[in-house]
Amino acid sequence: MSDRIDNTRSGQRSALEEKVLDGKSRLQPDDRFRFSCHPGLPCFNRCCADVNIFLSPYDVLRMRQHLGMGSREFLERYTLLPVQRDMRTPVVMLRMQGEPEKRCPFVTDAGCSIYQDRPWPCRMYPLGLAASRDTPDGWQGERFYFLLDDPGCLGAQQARELTVREWLEDQEVEAYDVWGEAYKELALHRFFEQGGELTPEKMDMFYMACYDLDKLRRFVFDTSLLRKFEVDEDLVEEMRYSDEALLRFGFLWLRFSLFGEPTMRIAGEAAEEARQRLNDRVVVDRKLSRTGPGDAT
Ligand code: SF4
Ligand code: SF4
């Protein structure tokens, strides 16, 4: 079994990941490497079996949209939620099919059947992404890329040479990176660096808001949630049909609810502030009317 790793997203660098990173050259965007992957290679599709693929919320959103499937059905059918003692947030993995080959459910003789919406780790392969922890704030350390070892992968023996930057462009990872950065603000929150742990209820909130978007939509529209916060009306309407808008809202709601960040405005508080501003204004106006315009200094 091999792993497609991005330790900057899971936020939980395991002993296995440390081993994978050990001794690796750190590649920057203009560094070159050799790689080509195509159906003519004897190893074609070999890498789409018995592999650990961690799925970000945006990976799940794209795969699910490609399949036109509800979030609950997708999660139950295609993902695993391994539970480990030191887990800070829910970790979602792509579920491989049964023994003996343990093939990815999306691989076909012609290649990946969800190619346009394949998950980020599949786009990145053979590159992995990590971040140095040698900085005072740890998770915001320098990003670097590295080549994943897979002796059975013949791609690295092909003549084609390209830079890391060219590979990232070719694989269209930009949108994934933007969402990945937003997700890091949750999964690598300083709350965890300071030893915080989520209760089981908060783990469920996290899972719902990141992965089970149909449930989040029901929670947003079928409960009093929207009455408790000031939410832009356009965003509310967008959330009815756009998973991306809903996920954006979910991230903000989690940062507010789990970590106490001021990412949302409570409706009552906002109204109280407005009342206070109005009162202050009335007091100033009364003072001005008593003193007259020429005395207002
Ligand atoms: S070249 Fe590597 S990535 Fe491509 S099919 Fe072969 S094993 Fe998979
Ligand atoms: S999602 Fe596609 S590219 Fe990724 S392992 Fe499955 S078949 Fe291969």
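Residues numbered from 1 in each chain as written. Chains lettered and ligands numbered in written order. Predicted model: local features only at pLDDT ≥ 70, side-chain atom pairs only at ≥ 80, totals over all residues. Heavy atoms only, no water.

Chemist: How should the site of ligand 2 be read in this particular structure?
Modeler: Close to ligand 2 lie nine residues; Cys48, Cys104, Val107, Cys112 and Cys122 are nearest. Here the shell around ligand 2 is built from residues that sort into eight nonpolar, no polar and one charged. (Near = heavy atom within 4 Å. Nonpolar A, V, L, I, M, F, W, Y, C, P; charged D, E, K, R; others polar.)

Chemist: Would you explain the confidence of the model for the chain in this entry?
Modeler: Reading fine detail from the predicted coordinates is not recommended where pLDDT is low. When pLDDT is averaged across the chain, the result is 86; 80% of the residues are at 70 or more. Ranking the helices and strands of the chain by mean pLDDT puts helix H3 (residues 57–67) first, with 98, and helix H1 (residues 7–10) last, with 42. Ignoring residues within four places in sequence, the model shows residues 7–13, a span with pLDDT below 50, making 35 contacts including any to other chains. Considering only residues more than four positions removed or in separate chains, one finds that residues 292–297, a stretch of pLDDT under 50, has one contact. (pLDDT = per-residue confidence, 0-100. Helix = DSSP H or I, 4+ residues; strand = E, 2+ residues; numbered from the N terminus. Contact = heavy atoms within 4.5 Å.)

Chemist: What exactly am I supposed to notice about the packing of helix H12 (residues 233–241) against helix H13 (residues 243–259) here?
Modeler: Helix-helix packing is characterised by the crossing angle of the two axes and by the distance between the axes. It is the contact of H12 with H13, at a shortest axis distance of 6 Å, that shows an interaxial angle of 120°. For the element pair H12 / H13, the angle class is oblique. As for how H12 packs across H13, the hand of that crossing is left-handed. Contact with H12, carried on its side by Leu235, Glu238, Met239 and Tyr241, involves Asp243, Ala245, Leu246, Arg248 and Phe249 of H13 and no other residues of that element. For the contact of H12 with H13, the per-class residue count stands at six nonpolar, no polar and three charged. (Axes fitted to C-alpha atoms, helices over the stretch in contact; angles between N-to-C directions. Parallel < 35°, antiparallel > 145°, perpendicular 65-115°, else oblique. Left-handed = near helix turned anticlockwise from the far one by under 90°.)

Chemist: How should I be thinking about H12 in this particular structure?
Modeler: In an α-helix, one turn spans 3.6 residues; hence positions three or four apart end up facing the same way. Buried within H12 are the following residues: Leu235, Val236 and Met239. Each buried residue of H12 lies within a common arc of 105° when the element is viewed along its axis, so the set occupies one face. In H12, the exposed positions angled more than 90 degrees off the buried face are occupied by Glu233, Asp234 and Tyr241. Structurally, H12 contributes buried residues whose contacts are with helix H10 (213–222), helix H11 (225–228) and H13. At the N-terminal end of H12, a side-chain oxygen is found 3.1 Å from the backbone nitrogen of Asp234, two or three residues along, and the residue is Asp232. (Buried < 20%, exposed > 50% of the residue type's maximum accessible area, 1.4 Å probe, protein only. Arc of directions from axis to C-beta. Polar contact = N/O pair within 3.5 Å; in protein donor to acceptor, adjacent residues only side chain to side chain.)

Chemist: Explanation requested: the pairing of strand E8 (residues 127–131) in the structure shown.
Modeler: Remember that side chains alternate between the two faces of the sheet whenever the strand is regular. Here E8 lies mainly inside the structure; five of its five residues are buried. Of the two faces of E8, the one holding Leu127, Leu129 and Ala131 and the one holding Gly128 and Ala130 are both buried throughout. Bridge count between E8 and strand E9 (residues 143–147): five bridges; the pairing is antiparallel. Paired with Gly128 across the strands is Phe146, a residue of E9. (Pairing = 2+ DSSP bridges.)

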